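Secondary and tertiary structure notes
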Amino acid sequence: YEYYWWLMKFFFVSIETQEAQQAKDEYIKKYGQNRAENADVIVAMGGDGFLLKTLHDFKKLHKSFYGINYGSIIFYAQYSSQVHIKFRRFSMIFN
């Protein structure tokens, strides 16, 4: 089945830089903030290390994750903070 961003529930989490915190606040204002347990997607805003930490912290919830790069190294969090976010469902499972 296909998800549409306006029907989805999001949980946003970010690193503590001013830029990432401001972006998180803007996304929450636009899309709303849900508890991680109730969200369809957990959106991690930071670098690769932060994305991996977020995957580890929330892996028991079996949620989809989306990474937006606000770090200095880009590999996993490939979607740049400069690009308008278009949410698509994808899952990453790290055991």
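Small disclaimer: the values here were computed from a predicted structure and weren't measured.

Things to note about helix α1 (residues 18-31)
Over its 14 residues, α1 runs 20 Å from end to end, which matches the ideal 20 Å to within 8%, given 1.5 Å per residue. Burial in α1 covers these residues: Ala 20, Ala 23, Lys 24, Tyr 27 and Tyr 31. Looking down the long axis of α1, one finds its buried residues gathered within 105° of arc, a one-sided arrangement. Among the exposed residues of α1, those pointing more than 90 degrees away from its buried face are Gln 18 and Lys 29. Backbone geometry just downstream of α1 places Gly 32 in the positive-phi region, at approximately 85°.

Thoughts on the pairing of strand β3 (residues 64-69)
Extensive coverage of β3 is indicated by the burial of six of its six residues. Alternating positions in β3 separate into two faces, Ser 64, Tyr 66 and Ile 68 on one and Phe 65, Gly 67 and Asn 69 on the other, with burial throughout. Inspection of the sheet shows strand β2 (residues 41-46) paired to β3 by six bridges, in the parallel sense. From the neighbouring strand, Val 43 faces β3, where its bridge partner is Tyr 66. Note that the unit made of β2, helix α2 (residues 48-58) and β3 has a crossover that is right-handed.

Focus on the confidence of the model for the protein
Scored by pLDDT, the protein comes out at a mean of 77, with 67% of its residues at no less than 70. When mean pLDDT is compared element by element in the protein, strand β1 (residues 10-14) scores highest at 96, while strand β4 (residues 79-80) scores lowest at 48. In this model, residues 80-95 is a region of pLDDT below 50 whose contacts with residues beyond four sequence positions or in other chains number 35 contacts.

The rules we used
- The numbering scheme is per chain: residues are counted from 1 as the chain's sequence reads.
- Predicted model: local features are reported for residues with pLDDT of at least 70 only, side-chain atom pairs are reported and counted for 80 or more only, and whole-chain, interface and lining totals are derived from all residues.
- Values shown for side chains rest on all heavy atoms present in the structure; no hydrogens or waters enter the calculation.
- Only DSSP runs of H or I reaching four residues or more are called helices, and only runs of E reaching two or more are called strands; each is numbered from the N terminus.
- Expected helix span is taken as 1.5 Å per residue step, with the number of steps being one fewer than the number of residues.
- With a 1.4 Å probe rolled over the protein chains alone, any residue whose accessible area is under 20% of its type maximum counts as buried; one over 50% counts as exposed, and the rest are partly exposed.
- Note: the arc covers the axis-to-C-beta directions of the helix.
- Two strands form a pair only when DSSP identifies at least two bridges running between them.
- Note on handedness: a clockwise path from strand one over the helix to strand two, with the strands aimed away from the viewer, defines a right-handed crossover.
- What pLDDT conveys is the predictor's confidence in a given residue, as a value from 0 to 100.
- Only heavy atoms enter the contact rule, under which two residues are in contact if any of them lie within 4.5 Å.

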